[in-house]
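# Coordinate analysis (summary)
Chain by chain, the residues run as shown.
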Amino acid sequence: MAGRAILLLSLLASCQHLVMSKPNGAPSSACINMVPQHRVDPQTSKAPFTIEISKSKYAVNEPVEVTLLGTGGEQFEGFLLEARRVDPNAPGGTSELIGTFAVPAGLGSEVKTTCPGSKGNGLTHAKQQKRSSLKVTWTAPSGKTEGHLEFRATFVKNIGTFWINVKSPILDDPSAAPLPSPTPATFDPIKQIVTNGECGVTKGCFLHPAECTESTCEYLLTYRVNGDYVDFEMSAKTSGYISVGFSYNQKMDLDSVIDCIYDSQVPSVNIQHSYNGGKNNEVIANAKTGLSNMTGYFFKDRVSCRFRRLKVITNNAKIYSLDQKYYVLLARGKSSGGLKLRHDLSILPKISTQEVDVKSLSSVSGGGGNYGLAKAHGCLMVLAWVFFASFGMLSARYYKTMWPNAGLCSEKVWFAVHRFCMSSAVILTCIAFILIFVMNEGYSYGLEGLPHKAHPILGIIVTILCILNPLIALCRPHPKDKNRPIFNWVHWAIGTITHILAIVTMFIGLDLGKAETPWYATWFLVAFVIFHCCVELILEIHQCCTARRNHEKAEEFEMEKERRPRDYLNEPSPSGRFFKMFFYILHAVVVGGLAIVLVLMIAIGRDKLG
């Protein structure tokens, strides 16, 4: 039955841990952050795997044996291995792959090179193969040494269990300067960030929610000019990282970013520059340029840090000078092994509503960004598919015989209602489709991983099908035509599939940050699915129970017409009409109410609803 299919697919869509296996090696998207596309979070516990190296120092063109080893015989079935610089201030930074790996002899079908670069490559599995150890050979680059290095690996135990950024001992470059000491993480904040009485007086502040303190803020940023420097304080409710971005617009692209990343393995808080180049965020070369007086701590699921940044930096175009105004973006997310992970799409960055001058002491407000068109898109889709489509399809399936002697707009009542509702659904869907394409300036390429990545694809399919079905309806055969049953089944199938896909797409959409809906909005959509399925099931049972009596009435009416061919006779009303009328009105009221509530939640937003 269609209703039960809607419920099944919708509840499946609401699951957040869909996975994609990568049996043929790490995807190219994992080359930088080393995160496999398994759609589950990496483990945060200590990895039961280690990386051993045969030497503590290296020279040009020198081979080094690297062993991936499971402690206590622990086995891994997939891996990604790379060599990178340790010092973020070294030329080229820590994101560049250094040196080349060779595929071990006899393992050509099980291991392969990956992530090719100008100075090196990586190594990954070519097929899933459980093993407790693997020995490979890495060769240092020719020409010159590249600074102190370390080997980093992602170990995959199974599809849902993996560790990223597991590090080897440091492979020293004798010709390089000593490594800087990491910023220690203090587990008891010696001096909390003060906001009450100081924001707008001694420092500028960006707080969310407004008027919060360090212990209650979801996001906190303070800034104060100190001669040629700007003193910053940042804090967020996270066990991973908080970042501040300086942007020329209210979008996450071409932004200069400063990160405070908690690494639980050291433990330490790493403060560094990075850059949003569009789709990805990357650590830049000389990542601590202009930064000083850096301290950080992790306390009660909160990462906080203080640092001083040179106001004007001229030797790096990716570090914006702070002598002009920018929109300020605050983002938080998870980290693993000191690496930032992409923030959850259900929690988008907070963006200042106006450009910020760090030389001022103003208190800044912000929200999720300018997502008005996304909200309009969501509201229209809810009206189209929660209310109009469900009511219109219910009318066509169960109410064709309800008003046999009445008309509406020169048509049968059920048909007039069905046509109006489905036409409204098509029009609203097309408008919503155009709005979201205008907002994203084309297709939305920024979504990564299932189920979020499926949202625009399903949306396009829904739009195509909802336009196709009324076009097919314009070509419907006469009721007595032999092809009419084929049309009826095709029209019903396309309508049902489109409705199911639309509801599934809305479940995914409510979880996207741009919708800015509270977490409980999904349950209102679940309530709609359950209620609509129950009404369909009840009407289906009722229709079966009254089928015989209504068939007898129809036969009696036909016989009466034959006896009195010249008389106008009213068709008999169907049995159980009051029961069906009750559920018709009940469906309209309940579904209409749920649609209105969902529209208000999308329009008002998570921040105001809580």
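Just above sits the structure.
Residues numbered from 1 in each chain as written. Predicted model: local features only at pLDDT ≥ 70, side-chain atom pairs only at ≥ 80, totals over all residues. Heavy atoms only, no water.

Val-382, Trp-385, Val-386, Tyr-399, Leu-525 and Phe-528 are the most contacted members of the largest nonpolar core, which totals 56 residues. Of all the elements in the fold, those that place two or more residues in this core are α3 (372–398), α4 (413–440), α5 (454–473), α6 (484–510), α7 (521–563) and α8 (577–604). Residue contributions to this core peak at 13 residues, all from α3. With sequence-adjacent residues up to four places away left out, Leu-525 is seen in contact with Val-386, Ile-503, Met-506, Phe-507, Leu-510 and Leu-598. (Core = buried A, V, L, I, M, F, W, Y, C linked by side-chain atoms within 4.5 Å. Buried < 20%, exposed > 50% of the residue type's maximum accessible area, 1.4 Å probe, protein only. Helix = DSSP H or I, 4+ residues; strand = E, 2+ residues; numbered from the N terminus. Contact = heavy atoms within 4.5 Å.)

Right, let's talk about the pattern of salt bridges for a bit. The tally for this structure, following the rule as stated, stands at 20 salt bridges. A salt bridge links Arg-306 to Glu-233; the nearest nitrogen and oxygen atoms lie 3.0 Å apart. Of this pair, Arg-306 sits in strand β19 (residues 303–310) while Glu-233 sits in strand β13 (residues 229–236); the two residues are 73 residues apart in sequence, bridging distant segments of the chain. Its salt-bridge partner being Lys-340, residue Asp-259 comes within 2.8 Å of it at the nearest N-O pair. Of the two residues, Asp-259 is situated in strand β15 (residues 255–263) and Lys-340 in strand β22 (residues 339–340); the sequence distance between them amounts to 81 residues. (Salt bridge = Lys/Arg side-chain N within 4 Å of Asp/Glu carboxyl O.)

For Pro-451, the position within the fold is in the loop between α4 and α5. Sequence spacing of Pro-451 and Thr-505 is 54 residues, and the spatial spacing of their C-alpha atoms is 9.3 Å.

Before going further, it helps to examine the environment of Val-413. Along the chain, Val-413 falls in helix α4. The sequence separation of Val-413 and Val-244 amounts to 169 residues, and the corresponding C-alpha distance is 59 Å. Excluding its chain neighbours within four sequence positions, the residues that come into contact with Val-413 are Trp-403, Ala-406, Gly-407 and Leu-408.

Moving on, we get to the packing of α7 against α8. Contact pair α7 / α8: the axes reach a minimum separation of 10 Å and the direction vectors enclose 170°. In this view, α7 runs roughly antiparallel relative to α8, as classed from their interaxial angle. Handedness of the α7/α8 crossing: left-handed. Here Ala-521, Phe-524, Leu-525, Ala-527, Phe-528, Phe-531, His-532, Val-535, Ile-538, Leu-539, His-542 and Gln-543 of α7 come into contact with α8, specifically with Phe-579, Lys-580, Phe-583, Leu-586, His-587, Val-590, Val-591, Leu-594, Val-597, Leu-598 and Met-601. (Axes fitted to C-alpha atoms, helices over the stretch in contact; angles between N-to-C directions. Parallel < 35°, antiparallel > 145°, perpendicular 65-115°, else oblique. Left-handed = near helix turned anticlockwise from the far one by under 90°.)

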